[in-house]
Amino acid sequence: MPSPDKDGNTIVEFVALSAALLIPSLYLVLTLGSVQAAVFAADTIARDAARIHAVDADPENATARTWQHTTMILEDYRLPVSDVVEIRCSEDPCATAGGTVTARVRIPVPVPGLGPILGDTGPVTVGSAHAVQVDQYGEGAP
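Residue numbering note: each chain is counted from 1, following its sequence as written. pLDDT decides what is reported in this predicted model: residues at 70 or higher carry local features, side-chain atom pairs at 80 or more are listed and counted, and totals for whole chains, interfaces and linings draw on all residues regardless. Values reported for side chains reflect all heavy atoms of the structure, with hydrogen atoms and water molecules removed beforehand.

Caption draft 1: Molecular detail of the overall build of the protein chain. We count a stretch as a helix when DSSP gives it H or I for four or more residues in a row; a strand needs E for two or more, and each element gets its number in order from the N terminus. If you tally the helices and strands in the protein chain, you get three helices and three strands. Its helices and strands in sequence order give the protein chain the pattern α-α-β-β-α-β, from N to C terminus. Buried residues are those whose accessible area, probed at 1.4 Å on protein chains only, stays under 20% of the maximum for their type, while exposed residues exceed 50% and partly exposed ones sit between those limits. For the protein chain, with 142 residues in total, the buried portion stands at 28%. The accessible surface values rely on the Shrake-Rupley method and a 1.4 Å probe; as for residues, cover is taken only from the protein chains in view. Within the structure as shown, the protein chain displays about 9500 Å² of accessible surface, and the carbon and sulfur contribution to it stands at 60%.

Caption draft 2: Spatial organisation of unusual backbone geometry. Cis geometry is found at the peptide bond from aspartate 92 to proline 93, where omega equals 0°. Within the secondary structure layout, proline 93 lies in the loop between β1 (85-89) and β2 (100-109).

Caption draft 3: Region of the structure containing a nonpolar patch on the surface. Patch members must show over 30% relative accessible area and no salt bridge, and they are joined within 9 Å when carrying like charges or within 5 Å when they are nonpolar side chains of Val, Leu, Ile, Met, Phe, Trp or Tyr. A pair is scored as a salt bridge if a Lys or Arg side-chain nitrogen falls within 4 Å of a carboxyl oxygen belonging to Asp or Glu. A surface patch of nonpolar side chains, amounting to about 350 Å² of accessible area, comprises Ile11, Phe14 and Val15. When you line up the elements, valine 15 lands in helix α1 (residues 9-55).

Caption draft 4: Structural context of the packing of α1 against helix α2 (residues 59-76). In this description, a line fitted to the C-alpha atoms serves as the axis of each element, helices being fitted only across the stretch in contact, and the angle between N-to-C directions of two axes falls anywhere from 0 to 180 degrees. The geometry of α1 relative to α2 is characterised by a closest axis approach of 9 Å and an angle of 165° between their N-to-C directions. Here α1 is positioned roughly antiparallel relative to α2, judged by the angle of their axes. In terms of crossing hand, the pair formed by α1 and α2 is right-handed. Contacts from Ala41, Thr44, Ile45, Asp48, Ala49, Ile52 and His53 in α1 reach Pro59, Ala62, Thr63, Arg65, Thr66, His69, Thr70, Ile73 and Leu74 in α2. For this classification, the nonpolar set comprises Ala, Val, Leu, Ile, Met, Phe, Trp, Tyr, Cys and Pro, the charged set comprises Asp, Glu, Lys and Arg, and every other residue, Gly included, is treated as polar. When the residues that make up the contact of α1 with α2 are grouped by side-chain class, the tally is eight nonpolar, six polar and two charged. Note that the term roughly parallel is reserved for angles under 35 degrees, roughly antiparallel for angles over 145, roughly perpendicular for angles of 65 to 115, and oblique for everything else. The hand of a helix crossing depends on one turn: near helix anticlockwise from the far one by less than a right angle means left-handed, and clockwise means right-handed. Note on contacts: a residue pair qualifies if any of its non-hydrogen atoms lie within 4.5 Å across the two residues.

Caption draft 5: Spatial organisation of the pairing of β2. We treat two strands as partners when DSSP finds at least two bridges between them. With five bridges joining them, β1 and β2 adopt antiparallel strand pairing. By the bridge assignment for β2, valine 85 is matched with valine 105. Both β2 and strand β3 (residues 124-133) contribute to a ladder of ten bridges, which runs antiparallel. Bridging from a neighbouring strand, valine 101 pairs with valine 132 of β3.

Caption draft 6: Representation of the sheet that holds β1 in the model. Taken in spatial order, the three strands of this open sheet run β1-β2-β3, and their pairing is antiparallel. Only two strands of the sheet have a single partner each, and these edge strands are β1 and β3. This sheet shows a mean twist of 15° between the axes of neighbouring strands, independent of strand direction.

Caption draft 7: Layout of the pattern of salt bridges. Evaluated as defined, the whole model comprises three salt bridges. For aspartate 48, the salt bridge goes to arginine 47, with nearest N and O atoms at 3.4 Å. Assessed through its relative accessible area of 15%, aspartate 48 is described here as buried. Between glutamate 86 and arginine 88 there is a salt bridge; the shortest N-O distance is 2.6 Å.

Here is the structure:
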């Protein structure tokens, strides 16, 4: 016969152990979800920014379109909007036929629940790069 002073200990231990394991697991899933969202955003922004600059002959218009697109993607993934794109061109202007446009993106990932401690950026930064060859036979070709 079980002793009366140990009745209910199993349920209490199960609840305490479940909470101790469930909360860190849930936090890990949320953090990994934020990192993966930033990876998807960085890849999309890098690819599209390089394409925009490779096609648009007006550098100011290309920069404005890249900013608009970057802002839209970051908002879609619920990431802080900031200047995360760096464009490098082998020719000036970027859309010169036969040139190469490279877009590099670095996005700081906010850690869920630690915003007041770490600020808007977290300890993780994800990045992506994409290079596009400008059409050799485009309008700017000699």
